[in-house]
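Structural overview for review
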Amino acid sequence: MAKQPDKTNAMRLLDRAKIPYTAQYLTLPDGLTDGVTVARVAGVPPETAFKTLVTRGASGGYYVFVVPVCDSLHLKRAAKAAGEKSVEMIRQAALLPLTGYIHGGCSPIGMKKRFPTFLDESATAHPIIHVSAGRVGVQLSLSPHDLCAFVGGAFAAVADRDFLHYVHNNKEY
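Residues numbered from 1 in each chain as written. Predicted model: local features only at pLDDT ≥ 70, side-chain atom pairs only at ≥ 80, totals over all residues. Heavy atoms only, no water.

Taken together, 3 strands build an open sheet; the order of strands is S1-S8-S7 and the sheet is antiparallel. Here the strands that pair on one side only, and so sit at the sheet edges, are strand S1 (22-25) and strand S7 (129-135). Strand-to-strand, the axes of this sheet are offset by a mean angle of 30°, without reference to chain direction. In the packing of helix H1 (residues 9-16) onto the sheet, contacts are made with S1, S7 and strand S8 (138-142), and the angle to S8 comes to roughly 25°. (Pairing = 2+ DSSP bridges. Helix = DSSP H or I, 4+ residues; strand = E, 2+ residues; numbered from the N terminus. Axes fitted to C-alpha atoms, helices over the stretch in contact; angles between N-to-C directions. Contact = heavy atoms within 4.5 Å.)

As for its placement among the helices and strands, His-130 is situated in strand S7. Only 2.6 Å separates the side chain of His-130 from the side chain of Ser-141, close enough to count as a polar contact. Ignoring any residue separated from it by four or fewer positions in sequence, one finds His-130 in contact with Val-44, Thr-48, Ala-49, Phe-50, Gln-139, Leu-140 and Ser-141. (Polar contact = N/O pair within 3.5 Å; in protein donor to acceptor, adjacent residues only side chain to side chain.)

Glancing now at the packing of aromatic side chains. Each aromatic ring pair is summarised here by two numbers: the centre-to-centre distance and the angle between the ring planes. Scanning the entire structure with this criterion turns up 2 aromatic pairs. Both rings, one in Phe-65 and one in Phe-118, keep their centres 5.4 Å apart while their planes meet at 20°; by these two values the pair is stacked. Residue Phe-65 is located in strand S3 (residues 62-68), and its partner Phe-118 is located in strand S6 (residues 117-120); the two are separated by 53 residues in the primary sequence. You'll find Phe-65 and Phe-118 in the same group, each marked buried. (Phe/Tyr/Trp six-rings, centres within 6.5 Å; stacked < 30°, edge-to-face > 60°. Buried < 20%, exposed > 50% of the residue type's maximum accessible area, 1.4 Å probe, protein only.)

Structural data, given as structure tokens:
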């Protein structure tokens, strides 16, 4: 019998809360962190794959934004959603000490501390979305509404639709 891959902390938390999800363990090319390519390897439409971004507000507070991998974070709309004058992306080196996750494996579930979290409203158009399970190459598929409720988040229009990036990386045009 084949050994099951280790569960991530995010999976254990969802199990404990009895929130349904599926996990997918991917074999990725070395050094890959591009979300559109991860979605392609996973066999899911890029518009249903979401990345987790961490920001710091002008007040010094931290905020988590979950946006489609083919889009970028619209900083002005993100600041407005967070009730901040402005927000900026944290440095990559600060991600691990702050969240417990590394770049390319950051999940909105199970960070060291719970931060205000906002999911782009486009997630509500899909019954299932895909986010990192907290380890590079491991993805979770779950309801955006379950995810939002579990992290105590809110839906907001925070993504900047980066259509040219999507077309360039999707190759289905």
